[in-house]
Amino acid sequence: MQRYRPCPTFSSIIRNTVMLLGLCAAGVLHAQDNSQQLEALRAQIEERQQQLDYTIASAKELEKALKQAEQTLSELFKGLKQTRAQAERNRQQQAQLEEQQKQLRRQIAQQQSALSNQLRSAYMTGQHDFTKMLLNQEDAARIERMLSYYRYLNQARVEQIENFTQLARDLQNVESELRLKATELNELLQVQEAQRQLLAREQDTREQTLNALEKRISSEAEQIEQLQINEQNLIQAIARAEARATASEVELAGLQSFKGQLSKPTEGRMRNLFSTRRQGQIRWKGAMFDGRAGDSVKAIHHGRILYADWLRGFGLVMVLDHGDGYMSLYGNNQALLKDVGDTVRSGEEIALVGQSGGQSQPGLYFELRHKGEAINPAGWIQP
């Protein structure tokens, strides 16, 4: 793996430049023996250096605040998704219970009708009353037949009554469970509303922090420096993830034999930015997928989660190891739904599309890497 050699940052360039200017100016002013101008120049250099240091320090503090806000939002979005899933399961269970309730009521009506028919039949055959037959000393064979008939009839009545009683109990249990599910759903909806309110407040906090950060890092040179720092952080995170992949006992076959057949990470349109100029000498290492906030982000292939955390410039990031040095990276997510160490299937949901990392619009940033080096995702992902 080719090691990453960081480019000189803007602050180091400024420092070197002002030092050279200072030396040159000092030589000229020394020749002119103008100590007053030399002192003024030194004061300007010192002031500029202080401003630069203050800008960098302020940006770091704001980035910490942005990280905290976006991590909090991630947990809230994840919790809201779980609450919605629970509410949907509750509704499905209620629908099943309501259908069961209808069936029980139909069965109870059928049992009532059967019992009614039996009672009517017993009434209609009242002239064969058991007591009358004994007193009249009718034929013994006939009496035995009638006794058997009465036993069967009574047994059928008892069974019908027992069935009716059990159906009534079942109906009572179902209706009790329906009331419980309705209460649970109401509580889930209250939780959902509270989560939405918290989300709104946290989104306002994120927006304010993002605006302050954009004002603090306003010049192109400062923005380029931030991009360089972000790229260094990504390289380091991937290197750590790669080290964990080497130590892992999970056997993964890689992606080479699946080139052109990999699943799309999300349903949106892919804008392949690979190798195009981003700003200054910084070039894109991946692609952007259009999407709506909350859309599913899915694993492009079977793999293992190596990294799942917030990363400066890329927001909430997930890195999957696919074996043989192949990795896929998913950035700017709204929420991460898997943890480091989890094994996922191709097409399994792992995150939600978002705009973390300071993005103004929702979308998924995607990279494909082999042995640490970014490779063009075009030709690997299914169209």
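Look a little higher up for the structure.
Owing to the predicted nature of the structure, the values given are computational and were not obtained by experimental measurement. Along each chain, residues carry numbers from 1 onward, in the same order as the chain's sequence is written. With the structure being a predicted model, the display of local features is reserved for residues of pLDDT at least 70 and the display and counting of side-chain atom pairs for 80 or more, all residues being used for whole-chain, interface and lining totals. With hydrogens and water set aside, each side-chain value is computed from the structure's full complement of heavy atoms.

Trainee: Just to check I follow, could you spell out the overall build of the protein chain for this structure?
Mentor: Numbered from the N terminus, helices here are DSSP runs of H or I no shorter than four residues, and strands are runs of E no shorter than two. Tallying secondary structure elements over the protein chain gives 5 helices and 12 strands in all. Accessibility here uses a 1.4 Å probe with only protein chains present; expressed as a share of the type maximum, an area under 20% marks a residue as buried, one over 50% as exposed, and anything in between as partly exposed. Looking at the protein chain as a whole, 39% of its 383 residues are labelled buried. For the protein chain, the accessible surface area stands at approximately 22400 Å², while carbon and sulfur atoms represent 49% of it. Surface accessibility follows the Shrake-Rupley procedure with a 1.4 Å probe radius. Residue values consider only the protein chains on display as shielding.

Trainee: Looking at this model, I keep getting lost on the pairing of strand β4 (residues 287-290). Mind explaining?
Mentor: Looking at chain direction, strand β1 (residues 270-272) and β4 are connected through 3 bridges and run antiparallel. Residue pairing across strands places Met270 opposite Phe289, the latter belonging to β4. In the sheet, β4 pairs with strand β11 (residues 363-370) via 4 bridges, with the strands oriented antiparallel. By the bridge assignment for β11, Asp290 is matched with Gly363. The rule for pairing is simple: two strands pair if DSSP sees at least two bridges between them.

Trainee: Is there a simple way to explain the pattern of salt bridges in this structure?
Mentor: Pairing of side chains with opposite charge becomes possible as their charged atoms draw close. When a carboxyl oxygen of Asp or Glu is within 4 Å of a side-chain nitrogen of Lys or Arg, the pair counts as a salt bridge. Counted by the stated rule, this structure contains 11 salt bridges. Put simply, Arg91 and Glu88 hold a salt bridge, and the shortest N to O gap is 4.0 Å. Taken together, the positions of Arg91 and Glu88, both in helix α2 (residues 35-124) and 3 residues apart, correspond to about one turn of that helix. Salt-bridge contacts for Arg369 lead to Glu367; the nearest nitrogen and oxygen are separated by 2.7 Å. Under the relative-accessibility criterion, Glu367 is labelled buried at 1%. Because the salt bridges share partners, they merge into one network encompassing Arg269, Arg271 and Asp290.

Trainee: Sorry if this is basic, but what is going on with the nonpolar core here?
Mentor: One finds Ile300, Leu320, Tyr330 and Ile350 to be the most contacted residues of the largest nonpolar core, which totals 25 residues. Elements with a contribution of two residues or more to this core: β6 (303-311), β7 (315-323), β8 (326-336), β10 (349-353) and β11. Contact criterion: two residues are considered in contact whenever any of their non-hydrogen atoms come within 4.5 Å of each other. Those residues within four positions of Leu320 in sequence are excluded, and the remaining contacts are Ala299, His301, Arg304, Ile305, Tyr326, Met327, Ser328, Tyr330, Val344 and Ile350. Here the nonpolar core consists of buried residues drawn from Ala, Val, Leu, Ile, Met, Phe, Trp, Tyr and Cys, with membership extended through side-chain atoms lying within 4.5 Å.

Trainee: Explain unusual backbone geometry to me, please; I cannot follow it from the model alone.
Mentor: Negative phi values dominate among residues other than glycine, just as trans dominates among peptide bonds. Phi is positive for Asp324, close to 55°, though the residue is something other than glycine. Residue position: Asp324 is located in the loop between β7 and β8. We note that Asn332 has phi near 65°; this positive angle belongs to a residue other than glycine. Note that Asn332 resides in strand β8.

Trainee: Just to check I follow, could you spell out the side chain of Glu231 for this structure?
Mentor: Positionally, Glu231 belongs in helix α5 (residues 220-247). Looking at Glu231, its side chain comes within polar contact range of the side chain of Lys285, at 3.0 Å. Under this definition, polar contacts are N or O atom pairs within 3.5 Å; protein pairs additionally need one hydrogen-donor-capable and one acceptor-capable atom, and for neighbouring residues in sequence, both atoms have to be side-chain atoms.

Trainee: Explanation requested: the pairing of β11 in the structure shown.
Mentor: Within a regular strand, side chains alternate between the sheet's two faces. Of all 8 residues that make up β11, 7 are buried, and the element is covered over most of its length. Here β8 runs beside β11; their pairing, made up of 6 bridges, is antiparallel. The residue bridging Gly331 from the neighbouring strand is Tyr365, located in β11.

Trainee: Hey, could you run me through the environment of Gln226 in this one?
Mentor: Its place among the elements puts Gln226 in helix α5. For Gln226, a relative accessible area of 10% gives the class buried. For the pair Gln226 and Gly313, spaced 87 residues apart in sequence, the C-alpha to C-alpha distance is 8.2 Å.

Trainee: What's the story with the side chain of Ser356 in this structure? I'm lost.
Mentor: Tracing the sequence through the fold places Ser356 in the loop between β10 and β11. In this structure the side chain of Ser356 is engaged in a polar contact, spanning 2.9 Å, whose partner is the backbone nitrogen of Leu316. Among the polar contacts listed, one links the side chain of Ser356 to the backbone oxygen of Asn333, at a separation of 2.7 Å. Excluding anything up to four places from it in sequence, Ser356 contacts Glu70, Arg206, Phe314, Gly315, Leu316, Asn332 and Asn333.

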